[in-house]
Structures are given as C-alpha cells and as structure tokens.
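Structure at a glance
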Amino acid sequence: MDVTVTAVSSNEVYSFTKPNREGITLLAGLGVEGDVHAGVTVKHRSRVAQDPTQPNLRQVHLIHEELFAEVAAAGFTVAPGDLGENITTRGIDLLALPTGTLLHLGDEAVVEVTGLRNPCRQIDAFQDGLLKQVVGRDAAGHIVRRAGIMGVVREGGPVRPGDTIKVELPAKPHRPLERV
C-alpha cells in the first residue's frame, strides 16, 4: 500500500474541526501557514493557560485515515479534519513511530514527530462517546491514545492530498511516543 497524504486541513480561528483545503504550506519552526496553532511557542489553549512560553511541540497534527473506519464500526462518522488534524494519512501506522521520526511530505516538507496527541473532552462534544473510541487502556492498564500524533516542521513546503510520505526513522535506540 502506498503511504500518502489523503487530506490537508487548517483553520485561522480556534475551532475543534478544521476545513479541508486543496493544499497547505508548512513553515519551518512554526507549523501550518495561517493555522491558529502555528507558532514557536504553544498555541493550544490548555497549554497556553499552563505556560505560554513553552515550546510548541504541537505545530502539526497528523491522524491516520484508518482510524475513521475503526470508529465507524462503533457507529461514529468521522471525516478528515473533523478531529482537528492538519494532515490525514493512509498506509502508515503513525502511532507506532518512534519519537524523532522524520516524515518527508511531498517534495519539500519535513515534519519531526514529537509525540501523541492527548485527546480531550472536546471529542465527546463533537460526538458523544467518541472519546472512549480514541483513548482507552491496554491489558496492563496503561493509557492508549489513538487520536493521532503531533510534530514540528523541520523543513517547510507545500503539502497536498496525494503527496507521498517517506518515513525516516531516528537512530536507535528508539523512544516510544508519549503524550505532548
């Protein structure tokens, strides 16, 4: 299966969902051009409330399209951009990537994976009960987050649906993703 971008989304105002676009431009060290979450320091409201000077490790939100089919089996309808992601992917197990993985998107853009998205109650406000589908516990009782990954832009450039994604793993030992 090809590893591709299936949709791109951005929003210049705070909202849970993000409208799909024909293309987005990633800006090195900042995030998605024109997106409310772009910046060197944190932009997510909960993070700003804690400490507005912390570095923005959540410049770009990526989610795997395969999750939409999984939650559909439980009766939920989710489409690209609905969970606030900037880039929807197909053919890659984003959640299994180690911290520091570089994702080459299209011909120019590079995103460094920083960690897992920490799903919040806004997901239930979008569709009641959906939060339990994207966060749960494994057999050992550890929290499992499935609502995508976050990253920072290392090299800017355009990203469009249909672009290929090349995965560049960091040197070993690999560090598993943690919430950011």
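The rules behind these values
Residues numbered from 1 in each chain as written. Predicted model: local features only at pLDDT ≥ 70, side-chain atom pairs only at ≥ 80, totals over all residues. Heavy atoms only, no water. Helix = DSSP H or I, 4+ residues; strand = E, 2+ residues; numbered from the N terminus. Rg over C-alpha atoms; globule rule 2.2 N^0.38 Å. Buried < 20%, exposed > 50% of the residue type's maximum accessible area, 1.4 Å probe, protein only. Contact = heavy atoms within 4.5 Å. Areas by Shrake-Rupley, 256 points an atom, 1.4 Å probe, with all protein chains shown as cover. Lys, Arg positive; Asp, Glu negative; His and termini not counted. Charge placed at Lys NZ, Arg CZ, Asp CG, Glu CD. Pairing = 2+ DSSP bridges. Phe/Tyr/Trp six-rings, centres within 6.5 Å; stacked < 30°, edge-to-face > 60°. Lys NZ or Arg CZ within 6 Å of the ring centre and 35° of its normal. Polar contact = N/O pair within 3.5 Å; in protein donor to acceptor, adjacent residues only side chain to side chain.

Each helix and strand counted, the chain has four helices and 13 strands in total. Expected size for 180 residues packed as a compact globule is a radius of gyration near 16 Å; at 15 Å, the chain falls within 12% of this value. Across the 180 residues in the chain, those meeting the buried criterion constitute 45%. When contacts within the chain are restricted to residue pairs at least 6 apart in sequence, long-range pairs at least 24 apart make up 68% of them. When the accessible surface of the chain is totalled, it reaches about 9,000 Å², and 50% of it is carbon and sulfur. With 19 positive and 22 negative side-chain charges, the chain shows a separation of 8 Å between the mean positions of the two kinds.

This next bit is on the sheet that holds strand β12 (residues 157–159). Strand order in the open sheet made by the three strands is β4-β3-β12, with antiparallel pairing throughout. Whereas interior strands pair on both sides, the edge strands pair on one side only; in this sheet they are β4 (31–32) and β12. Pairing between strand β3 (residues 24–27) and β4: two bridges, direction antiparallel. Following the sheet pairing, Leu 27 is matched in β4 by Gly 31.

Moving on, we get to the packing of aromatic side chains. Taken as a whole and judged by the stated rule, the model has one aromatic pair. Ring centres 5.7 Å apart and planes at 40 degrees place the aromatic pair Phe 16 and Phe 126 in the tilted group. Placement of Phe 16 in the loop between β1 (4–9) and β2 (20–21) and of Phe 126 in helix α3 (residues 122–126) is noted, with a sequence separation of 110 residues between them. A cation sits over an aromatic face here: Arg 45 above Tyr 14, 4.1 Å from the ring centre.

The next subject is the side chain of Gln 59. Along the polypeptide, Gln 59 turns up in the loop between α1 (45–50) and β5 (60–64). Taking the relative accessible area as the measure of exposure, Gln 59 reaches 4% and is therefore buried. Engagement of the side chain of Gln 59 in a polar contact is seen with the backbone nitrogen of Val 153, the distance being 2.9 Å. Residue contacts for Gln 59: discarding those within four places in its chain leaves Gly 29, Leu 30, Gly 31, Val 32, His 37, Gly 39, Asn 86, Gly 151, Val 152 and Val 153.

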